[in-house]
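# Chain and residue survey
What follows is the residue order along each chain.
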Amino acid sequence: MSRRSCLAIVLAAGEGTRMRSALPKVLHRIGGCTLLAHVLTSALKAGGSEIAVVVGPDHDAVAQAARALAPRAKIFVQKERRGTAHAVLAARKAITSGTDDILVIFGDTPLVRPETLTQLRAALSRGAAVAVLGFRPTNPAGYGRLLTHDDDLLAIREDRDASEAERKIRLCNGGLMALAGDKALAILDAIGNANAKSEYYLSDAVAIAREMGLKAVAIETGEDDMRGINTKAQLAETEAILQKRLRAAALDAGVTMVAPDTVFLSSDTKFGKDVTIEPNVVFGPGVTVADGATIRAFSHLEGAHVGKGARVGPFARLRPGADLGADVHIGNFVEVKEAKIEAGAKANHLAYIGDARVGSGANIGAGTITCNYDGIAKHRTDIGKGAFIGSNSALVAPVKIGDGAYVGSGSVVTKNVPADALAIERAEQTIKLGWAKRLRQLKGLGKKKTKSSKK
Ligand code: UD1
Ligand code: MG
């Protein structure tokens, strides 16, 4: 089957009114990725050699996102919203290119797994002209019902058009469908709109295929795969299911999590071997964690790489471009952004390292700040290997601290520091002997208490 070519058509022209949002529905995110990204990834993994995305007339943002995710994707605009079959036909040009299989995928059904789509394609390779995903939702109201006879799928009846008896059927249409490439246009063009909504229903493809003497089948799958998102509540429910899947996959791959339910993952989070994650850690998109690293409690990571054996947190923040080498330590209340921290370097407490390189083995003291922004532009700080930055230092970028150099604590460093040099910038310390004692005496404090003075 792998040699069969496949066009995946993603329907994303819906308005998504019930999301009550200015953002198009398919650009909402779960697991750190847009709904569109989820379905495109599944489509590609299921062998979609060609991708078509059908968008609404005002959905340039959706088109752009689709192009960014799948540069080869062809974008089609459905000018009027006249039903799911009408939407598929907006991609007519792609359909006529003549792939073996056509997969129709809804943009708001992000949990559909590639394996499930592959099952649909397998039904085509066994000779079906139409294969439909069926499922048994807890509450079937609103879904199209699958009318079957033995192994044959006879028709799909939309909820609004169904009889009382048909509404009692629990096996429902997931909406996603596979069509044989050489029959698809004939079937789709034959679909009319004589129904309760006067829309062109993709679900009618089944009855029409049968009238043409072709075979239609249903493949049953779980409710989670078919979960569609129309509201923010459904977005949150779907996120919860995705998080469960991601945690289970991470545990399966050998990640140690003491409280997995409190760890939030992104679909693209990548872990090496023997990684440990403490409770309440959030992984935004684009994080990789190498072998043996530990992410301690309450840390937030996004667009970051954590090297082998490195230790992050508790309470650390790694922002995009944070690149930690092997055995690096990033401790509590340390923020790292767009910075390469080389092997063995340490920033254990209260620091901001942005737009910087920290050489191997360097030590960044508590309270160190790379002052990377002058109000107009960002500048870089370069800290050499083995350098020591004393606590509470401000490194005013652009600035270079040489290998093995030493910055005295409390310094504001504005000039480059040569290798192995000391830079110190702070007021001379004044010592006044006995000063504190005199102060206490003046305020009547610190006198020795006698028994008589006590009553
Ligand atoms: C559809 C199915 C129904 C199935 C249900 C599963 C049809 C006619 N009905 O109903 O049998 O049980 O999904 O969730 O197919 N879209 C467009 N353009 C349009 C209309 C829809 O792009 O003109 C897109 C939507 O953005 C969405 C998808 O098609 O991604 C499904 O449309 P929706 O209106 O949600 O269909 P349902 O009524 O849920
Ligand atoms: Mg729907």
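Look a little higher up for the structure.
Right, let's walk through the structure included here.

Parameters and conventions
Residues numbered from 1 in each chain as written. Chains lettered and ligands numbered in written order. Predicted model: local features only at pLDDT ≥ 70, side-chain atom pairs only at ≥ 80, totals over all residues. Heavy atoms only, no water. Phe/Tyr/Trp six-rings, centres within 6.5 Å; stacked < 30°, edge-to-face > 60°. Helix = DSSP H or I, 4+ residues; strand = E, 2+ residues; numbered from the N terminus. Buried < 20%, exposed > 50% of the residue type's maximum accessible area, 1.4 Å probe, protein only. Lys NZ or Arg CZ within 6 Å of the ring centre and 35° of its normal. Salt bridge = Lys/Arg side-chain N within 4 Å of Asp/Glu carboxyl O. Near = heavy atom within 4 Å. Polar contact = N/O pair within 3.5 Å; in protein donor to acceptor, adjacent residues only side chain to side chain. Areas by Shrake-Rupley, 256 points an atom, 1.4 Å probe, with all protein chains shown as cover. Nonpolar A, V, L, I, M, F, W, Y, C, P; charged D, E, K, R; others polar. Pairing = 2+ DSSP bridges. Right-handed = clockwise from strand over helix to strand, strands pointing away. Axes fitted to C-alpha atoms, helices over the stretch in contact; angles between N-to-C directions. Parallel < 35°, antiparallel > 145°, perpendicular 65-115°, else oblique. Left-handed = near helix turned anticlockwise from the far one by under 90°. Contact = heavy atoms within 4.5 Å.

### Let's talk about the packing of aromatic side chains
The full count for this structure, using the stated rule, is five aromatic pairs. Geometrically, the ring pair formed by Phe271 and Phe283 is edge-to-face, given 5.4 Å between the ring centres and 85° between the ring planes. With a gap of twelve residues between them, Phe271 in strand 13 (residues 270–271) and Phe283 in strand 15 (residues 282–283) connect regions that are remote in the sequence. With a relative accessible area of 2%, Phe283 lands in the buried category. Seen in terms of ring centroids, Phe298 and Phe315 are 5.0 Å apart; in terms of plane orientation they differ by 5°. Their pairing is stacked. Of this pair, Phe298 sits in the loop between strand 17 (294–295) and strand 18 (300–301) while Phe315 sits in the loop between strand 20 (311–312) and strand 21 (317–318); the two residues are 17 residues apart in sequence, bridging distant segments of the chain. For Phe298, a relative accessible area of 46% gives the class partly exposed. For Phe315, a relative accessible area of 38% puts it in the partly exposed group. Taken together, the ring pairs in this structure connect Phe298, Phe315 and Phe333 into an aromatic cluster. Residue placement shows Arg247 over the ring face of Phe264; its charged tip is 5.2 Å from the ring centre. Of note, Lys378 hangs over the ring of Tyr373, and the distance from its end group to the ring centre comes to 5.5 Å.

### Notes on the pattern of salt bridges
By the definition in use, this model includes 25 salt bridges. Glu220 is paired through a salt bridge with Arg136; the nearest N and O atoms lie 2.9 Å apart. Here Arg136 lies in the loop between strand 7 (130–135) and strand 8 (145–149) and Glu220 lies in strand 11 (residues 216–220), a separation of 84 residues in the sequence. Classification of Arg136 as partly exposed rests on a relative accessible area of 41%. A salt bridge links Asp355 to Lys337, with the shortest nitrogen-to-oxygen separation between them at 3.1 Å. One end of the pair, Asp355, is in strand 24 (residues 346–358); the other, Lys337, is in strand 23 (residues 329–341), with 18 residues separating them in the sequence. Given the relative accessible area of 8%, Asp355 is considered buried. Connected via shared salt-bridge partners are Arg145, Asp159, Glu164 and Arg167.

### A closer look at the site of ligand 1
Near ligand 1 you find 19 residues, and of these Gly14, Gln78, Thr84, Glu158 and Asn173 are the closest. One nitrogen or oxygen atom from the side chain of Glu158 is found 2.7 Å from an oxygen atom belonging to ligand 1. Backbone polar atom of Asn173 to an oxygen atom of ligand 1: 2.6 Å apart, as the coordinates give it. Protein chains shield 86% of the accessible area of ligand 1, which is 760 Å² for the free molecule. Those elements giving two or more residues to the shell around ligand 1 turn out to be helix 3 (84–89) and strand 10 (172–180). The residue makeup of the shell around ligand 1, split by class, is six nonpolar, nine polar and four charged.

### Topic: the pairing of strand 5 (residues 74–77)
Bridging between strand 4 (residues 50–55) and strand 5 involves four bridges; their strand directions are parallel. Across the sheet, residue Val54 finds its bridge partner in strand 5, namely Phe76. Between the parallel elements strand 4 and strand 5, the chain passes through helix 2 (residues 60–69) in a crossover that is right-handed.

### Examining the packing of helix 1 (residues 35–45) against helix 2
Orientation of helix 1 relative to helix 2, taken along the N-to-C sense of each, is 40°, at an axis distance of 10 Å. Taken together, the axis directions place helix 1 and helix 2 in an arrangement best described as oblique. Crossing handedness for the pair helix 1 and helix 2: right-handed. Counting all contacts with helix 1, which are made through Leu36, Ala37 and Leu40, the residues of helix 2 involved are Val62, Ala65, Ala66 and Leu69. The residue makeup of the contact of helix 1 with helix 2, split by class, is seven nonpolar, no polar and no charged.

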